[in-house]
Amino acid sequence: MSNAAIIAPQRAFGKGRLVAKVAAGRTRIDALYQEGCAKIRLPSTFDNSMEAVLINSSGGLTGGDRMAWEIEAGPATELAVSTQACEKIYKASAGTVEVTTRIKVAAGARVDWLPQETILFDRASLTRALDVELDGDATFLAVEAVLLGRKAMGEAMQAGLFRDRWRIRVDSRLLHAENLTFADDIAALVARTAVLAGSVAFATLFYTGPDSEMLLPRLRALVEAQAGAGVSHIKLGGRDKLIGRFAAADGFALRKILIPVISHLRKQKTVPKVWVL
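Residues numbered from 1 in each chain as written. Predicted model: local features only at pLDDT ≥ 70, side-chain atom pairs only at ≥ 80, totals over all residues. Heavy atoms only, no water.

K.L.:
Would you explain the pattern of salt bridges in this entry?
P.N.:
Opposite charge on two side chains permits them to pair, given that their charged atoms come into close proximity. Under the criterion given, the structure shown has 17 salt bridges. Of the charged contacts, one joins Arg-11 and Asp-65 as a salt bridge, the two residues approaching to 3.0 Å between their closest N and O atoms. Taken together, the positions of Arg-11 in the loop between helix 1 (3–6) and strand 1 (13–23) and Asp-65 in the loop between strand 4 (50–56) and strand 5 (66–73) put the pair 54 residues apart, joining distant regions of the chain. As a salt-bridge pair, Lys-267 and Asp-211 come within 2.8 Å of each other at their nearest N and O atoms. Here Lys-267 is found in the segment after helix 4 (251–265), whereas its partner Asp-211 is found in the loop between strand 15 (201–208) and helix 3 (212–224), with 56 residues between them in sequence. (Salt bridge = Lys/Arg side-chain N within 4 Å of Asp/Glu carboxyl O. Helix = DSSP H or I, 4+ residues; strand = E, 2+ residues; numbered from the N terminus.)

K.L.:
Is there a simple way to explain the packing of aromatic side chains in this structure?
P.N.:
Aromatic rings in a pair are described by how distant their centres are and how their planes are angled relative to each other. Throughout the structure, instances matching the rule amount to 3 aromatic pairs. Plain terms: the ring middles of Phe-140 and Phe-206 are 6.2 Å apart, the flat faces sit at 45° to each other, and that makes the pair tilted. Here the residue Phe-140 occupies a position in strand 12 (residues 139–147), and Phe-206 occupies one in strand 15, the gap between them amounting to 66 residues. On the accessibility criterion, Phe-140 (0% relative accessible area) is buried. Residue classification places Phe-206 among the buried positions, given a relative accessible area of 0%. Its guanidinium or amino end placed over the ring of Trp-275, Arg-255 lies 4.7 Å from that ring's centre, counting from NZ or CZ. (Phe/Tyr/Trp six-rings, centres within 6.5 Å; stacked < 30°, edge-to-face > 60°. Buried < 20%, exposed > 50% of the residue type's maximum accessible area, 1.4 Å probe, protein only. Lys NZ or Arg CZ within 6 Å of the ring centre and 35° of its normal.)

Here you go:
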């Protein structure tokens, strides 16, 4: 056996941590840590909020790669977090990509978790987890979108693995939990009417805050006109949450649905600057 045959390929690893605080009336950096291929950039804003852009400098992920993000918003801060580009998950020859995100939002603070789409190539293997801890009056918006291949490029995800786990707690009490798994013959699975009815772009939206119920009528009006979209309003233990599910033929069509919805939930602020329709 040649030496090339026994050398394991190098794996990507990244860990990034951002802590925000209020100083001089604005949201500013309290702590910033970057390791490996995880980078965090903070473009200028024109109000008192902070915008963070997460970057995977390896250019994509494949089996065995690891990424870990930690975001902490101190009291009364306002932080929007996005990604520089869509995260590409390539075919895995061995192993699974693992991506973990932990977010803490303190009293009176707000975090908008708005990464650009995750693109799953054929035979990709991804396990990811989102864990969120909120103070009782914190506001949190999350939108995670997934593309099963790039339709414009003639790509499709036929098989592979995608596991997604969300746990969102308020004052240590569970407010929202969900697990999603697509495995093996994914093309056949998403073709089912009860799953995605053939759509290859989909997204989950979560929102909780003191104004959840007030935002609901307009949110439903935006969604009602869209096929493959729906919103639920749930009150649990005195706390409101809004859950949105969206499916579309491709990523462009999905963004056209998501952008006005996100803008409404952000009090008419547009999506982060790095998003491009």
